[in-house]
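Architecture and fold: a report
What follows is the residue order along each chain.
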Amino acid sequence: QENEIKLLTAEIERLKNSGCLGVSPSLEGLRDENAKLKYRLNFLQKSLQEERSKTAKSMININSCLQEIFGAAIQAAYPDLENPPLVVTPSQQPKFGDYQCNSAMGITQILLKTKEQKVSPREIAEKISKNIPANECIEKVEIAGPGFINVHLRKDFVSKQLSSLLMNGVQPPAVGKRKKVVVDFSSPNIAKEMHVGHLRSTIIGESMCRLFEFAGYDVLRLNHLGDWGTQFGMLIAHLQDKFPDYLTVSPPIGDLQAFYKESKRRFDTEEEFKKRAYQCVVLLQSKNPDFIKAWELICDVSRKEFQKIYNCLDITLIERGESFYHEMMKDIVKEFEDKGFVQVDDGRKIMFVPGFPVPLTIMKSDGGYTYDTSDLAALKHRLCEEKADILIYVVDSGQSVHLQTVFAAGQMIGWYDPKVTRVAHAAFGVVLGEDKKKFKTRSGDTVRLIDLLEEGLKRAMDKLKDKERDKVLTAEELKAAQTSVAFGCIKYADLSHNRLNDYVFSFDKMLDDRGNTAAYLLYAFTRIRAIARLANIDEQMLRKAAREEVLILDHEKEWKLGKCILRFPEILQKILEDLLLHTLCDYLYELATTFTEFYDNCYCVEKDRQSGE
């Protein structure tokens, strides 16, 4: 942007100097050109100003700052080394300072391998330390053990960052160009109820969207519904039999799950019904209006049920099911055929992707399309039409090979370059019961998600009554507390586990107000709000104090809390890269316990015993 501003300014000067900005009618075009240039210049200057102002208000990633400082020191100490290791981490123990640079050991190995020089890591650490450039954040460094460089931060630097945070609010570090992120999550099937298996994709996907939105990305949240395919043949045939006047009178399908089971039983046992079901599929795919109406009716019943769950969990999605991509599938098959990737196997059209043993089937022998075809069509649309810079699929680990094959096919045909566009499968494990087996009801059925949420509400209310909250809260407040505790605890229990692992679903654990749970975090947060309320200090007063006074961090618990607060941008950076949200939960728990230590050791607010002030 700065370069373009220079060029535009020079161009406007050139037009002025050449006398092209006079009033002669023949020069109208040039004046228009000048107006356009000025408009573009104003726009660029404004957006650059906004970017700079945002950057000035953003929180600083201290780890990144230290990496820059140590990167420069290593470059100065060893200018011949290409890509030397740069390892800076927060210190695990306060006696070893605040951060550690552990690059010396790696450099020792490189010098031995490439230059056959034997230098001790401690000697390398000393040389790096001597070359640390002048900076505002490091108080001193010490070399410990075999070559660790312990870093002590300057108190005035930390104090300044905390004051800035109070004045500007929690502003994440600027991301530069506003990238587009497409997240595919939740994705239940029409005519089937959402079960506990959909819980993880829905919660993790929503949280990832919020994370990228918070960091300043443009996010598109997609619900890839299973809303197309052969199962609709039997559903429509059953609808015709059960509600023959469905075109004029809206059919009262109360329990779609039971309706699905009835139609499936008939499909498996009645030959005549099976034939009709196949005919219905053909008529639906040829867009017969009556059959499209029947399909829409069935989809609407499901949608209403899904929305109840999305409302409970505060989920926002744009529906874009398999049917959305149906018209594109013919072109997808042709594109792969034209490039010579397709082979015919027993009437099916398949293609092998290098590095993957199982081929993708892009057309069945009867001319129908498959999940592989719709997933390829969705991938292409998201990359080429939506122009996604980052594409994330929040789907269970069982789909890993399938998705990697689809991604590799997209790469093979040239839809994207992984060096430019990030396409990631954010996989997750299954939900287990307390017996460590797949989470089922007592009768062995899959747990319906709506039942699980209702059970959560009941348990949360019992917990609140145990604590006698019903005696101090109004009915409205009690209801709000119930939903916050129930749904907050269910979400947090999922997010606080590494998504790659299976996790045990336990209401008792998630509603416990001790340990790393939402109940404990809500308790810690309430305590902090209570201090502010008792002290009668609002945000404006805090901002004024931050502007006018220096924050003194004398007590060790103050110092510990101040540093912990400022680690937030590092955590944010890490989870944007690896998409492992439990790191954020671990950080929040550490922040809450660090605050509790501070609160227990340093008085924040005290009542006068005589006056009660």
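Because the structure is predicted, anything quoted here is derived from the model rather than measured.

What follows covers empty space enclosed by the protein. Per the counting criterion, the structure on display carries one cavity of 30 Å³ or more. If you go around the largest cavity, the residues you meet are R200, I204, D494, L495, H497, R499, L581 and H582. Those elements giving two or more residues to the lining of the largest cavity turn out to be α7 (196-214) and α16 (475-495). Looking at the lining of the largest cavity, its residues break down into three nonpolar, two polar and three charged.

Bridge count for strand β8 (residues 343-345) against strand β9 (residues 348-351) is three bridges, and the pairing is antiparallel. Along β9, the bridge assignment pairs V344 with K349. Linking two consecutive strands that pair antiparallel, namely β8 and β9, is a turn of two residues; a positive phi of about 55 degrees is found at D346 within it. Sheet topology places β9 next to strand β10 (residues 360-363); three bridges connect them, and they run antiparallel. The partner of K349 across the bridge, within β10, is M363.

Attention now goes to the packing of helix α13 (residues 371-385) against helix α14 (residues 400-412). Running from N to C, α13 and α14 point in directions that differ by 55 degrees, and their axes come no closer than 10 Å. Compared by their axis directions, α13 and α14 come out oblique. Judged by the sense of rotation from one axis to the other, the crossing of α13 with α14 is right-handed. Of the residues in α14, those in contact with D372, D375, L376 and L379 of α13 are H402, V406, F407, A409 and G410. Of the residues belonging to the contact of α13 with α14, the class tally is five nonpolar, two polar and two charged.

So, on to the state of the cysteines. Summed over all chains, the structure comprises zero disulfides. With no disulfide of its own, C209 lies 16 Å from the sulfur of C585, the closest cysteine sulfur. Under the relative-accessibility criterion, C209 is labelled buried at 0%.

In this section: the domain arrangement of the chain. Many analyses report the size of an interface as the accessible area lost when the parts associate. Domain parsing of the chain yields domain 1 (62-153), domain 2 (180-226 + 321-428) and domain 3 (230-314). A separation of 26 Å is found between the C-alpha centroids of domain 2 and domain 3. Counting residues at the interface gives 19 residues for domain 2, matched by 18 residues for domain 3. In total, about 1,500 Å² of surface goes out of reach between domain 2 and domain 3, with carbon and sulfur atoms giving 63% of it. When residues of domain 2 are sorted by the area they lose upon contact with domain 3, I190, A191 and M194 head the list and together hold 39% of the total. Remark: the boundary between domain 2 and domain 3 carries two salt bridges. R210 is the partner of D314 in a salt bridge, and the nearest nitrogen-oxygen pair spans 3.4 Å. If you look at where domain 2 meets domain 3, you find six residue pairs in polar contact (both at pLDDT 80 or more). The greatest single-element share of the side of domain 2 that touches domain 3, amounting to four residues, is contributed by α7. Of the residues that constitute the side of domain 2 that touches domain 3, the class distribution is six nonpolar, seven polar and six charged.

Before going further, it helps to spend a moment on the sheet that holds strand β6 (residues 218-223). Read from one edge to the other, the open sheet built from five strands follows the order β7-β6-β5-β11-β12, with strand pairing classed as parallel. The sheet is open, and its two borders are formed by β7 (318-319) and β12 (422-425), each paired with just one other strand. Here strand β5 (residues 180-184) pairs with strand β11 (residues 390-393) via four bridges, running parallel. Pairing of V183 across the sheet is with I392, part of β11. Taken strand by strand, α7 contacts β5, β6 and β11, and its axis lies near 165 degrees from that of β6. Here α13 sits on the sheet in contact with β5, β6, β11 and β12, set at roughly 155 degrees to β11.

Conventions used here
Residues numbered from 1 in each chain as written. Predicted model: local features only at pLDDT ≥ 70, side-chain atom pairs only at ≥ 80, totals over all residues. Heavy atoms only, no water. 1 Å grid on protein atoms, 1.4 Å probe; cavity = no way out; pocket = protein on both sides within 12 Å on 5 of 7 lines; lining within 4 Å. Points joined across faces, edges and corners; volume = space filled by probe spheres on them. Helix = DSSP H or I, 4+ residues; strand = E, 2+ residues; numbered from the N terminus. Nonpolar A, V, L, I, M, F, W, Y, C, P; charged D, E, K, R; others polar. Pairing = 2+ DSSP bridges. Axes fitted to C-alpha atoms, helices over the stretch in contact; angles between N-to-C directions. Parallel < 35°, antiparallel > 145°, perpendicular 65-115°, else oblique. Left-handed = near helix turned anticlockwise from the far one by under 90°. Contact = heavy atoms within 4.5 Å. Disulfide = S-S within 2.5 Å. Buried < 20%, exposed > 50% of the residue type's maximum accessible area, 1.4 Å probe, protein only. Domains from an automatic or database assignment. Buried area = accessible area lost by both parts, 1.4 Å probe. Salt bridge = Lys/Arg side-chain N within 4 Å of Asp/Glu carboxyl O. Polar contact = N/O pair within 3.5 Å; in protein donor to acceptor, adjacent residues only side chain to side chain.

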